[in-house]
Amino acid sequence: MARLTPWRWGVLGLAGLYFLVPLAASVVFTVDVPGQGITFDAYTQILSTDGFTSSLLLSLELAAATIALVLLLMVPAMVALRLGAPRLRPVVEVVCSLPLVVPPIAFVAGIGTVLKWGPDHLSRTPLFQTFVAIQNPDFPFVLVLAYVVMALPFVYRALDAGLRAVDVRTLVEAARSCGAGWPQALVRVVLPNLRGALLNASFLTLALVLGEFTVAQLLGFQPFAVWIVNVSGSQAQLSVAVSVLSLLVTWILLLALAGVGGRTRPTSRG
């Protein structure tokens, strides 16, 4: 094992250079202004830039709705699959993995085609108002539906790993023998033991929503990722500064998630 230590340090060093060198170059680009020297105006102007607050809040709202909806859909399904129909696991795994093989451009083209059915075929039906409501620019619920589909592979993997580490059947049977109903057993017994998996799934979904560009852009909405690209045409340093801060915030969230997961791991074993 001691002989492998230098190789490990070498791999870690190369990985650090791979990630840190582009980040350092981005930081230098944002603070080094030709003719002015070192200045932090690109960072101080972020909050006052038009569209920053509204686009960030929209992305956070979309992320919260997506996390709630995908967990509400997947957690009961995964628990029921593990308890009652384990033979269907390969089928569910394939279905949840389909978003990985479907290009986003094809996915959003299909969404756009379906949305065009509203005025063309459903204008005289109550369903038309649903098509209008889910495309409200203040909160485009159609993006939530799209993000739920795109998050399925990551949420499935996170929950599947968490369920493999927990004896769900024994926990549920013990709760049922104590008089708990199925919803109560799920909420009060199973979910606390899946806290780490739920945090992992939530973080992956949050990262997906904050960084997704193609679907939102082609459908005509402006969440945070689209705003960064749009502002880069006129304020390149500002857009790079926002990207650097977003990356740092993501790393902080990841470290916080790792800390919370480490503290909850002993509880799940007991």
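You'll find the structure just up there.
Residues numbered from 1 in each chain as written. Predicted model: local features only at pLDDT ≥ 70, side-chain atom pairs only at ≥ 80, totals over all residues. Heavy atoms only, no water.

### Description of the pattern of salt bridges
Two side chains with opposite charge may pair up if their charged atoms get near one another.
Phase 1 of the analysis: Counted according to the given criterion, the structure contains 4 salt bridges.
Phase 2 of the analysis: A salt bridge links Arg157 to Glu93; its shortest N-O distance comes to 2.9 Å. With Arg157 in helix H8 (residues 141-164) and Glu93 in helix H4 (residues 89-101), the pair connects residues that are 64 residues apart, well separated along the chain.
Phase 3 of the analysis: In this structure, Asp160 and Arg164 form a salt bridge, with 3.0 Å as the shortest nitrogen-oxygen distance. Remark: Arg164 and Asp160 occur in helix H8; sequence separation between them is 4 residues, near one turn of the helix.
Phase 4 of the analysis: By relative accessible area, which is 8% here, Asp160 ends up buried.
Phase 5 of the analysis: On the basis of relative accessible area, Arg164 is assigned to the exposed category, the value being 51%.
Phase 6 of the analysis: The network of salt bridges with common partners includes Arg89, Glu93, Arg157, Asp160 and Arg164. (Salt bridge = Lys/Arg side-chain N within 4 Å of Asp/Glu carboxyl O. Helix = DSSP H or I, 4+ residues; strand = E, 2+ residues; numbered from the N terminus. Buried < 20%, exposed > 50% of the residue type's maximum accessible area, 1.4 Å probe, protein only.)

### Section: the packing of H4 against H8
Phase 1 of the analysis: Where H4 meets H8, the axes come as close as 6 Å, and the angle between the chain directions of the two elements is 140°. By the angle between their axes, H4 is oblique relative to H8. Along this stretch, H4 crosses H8, giving a crossing that reads as left-handed. Between H4 and H8, the contacting residues are Arg89, Val92, Glu93, Cys96, Ser97, Pro99 and Leu100 on the first element and Val149, Met150, Leu152, Pro153, Phe154, Tyr156, Arg157, Asp160 and Arg164 on the second. (Axes fitted to C-alpha atoms, helices over the stretch in contact; angles between N-to-C directions. Parallel < 35°, antiparallel > 145°, perpendicular 65-115°, else oblique. Left-handed = near helix turned anticlockwise from the far one by under 90°. Contact = heavy atoms within 4.5 Å.)

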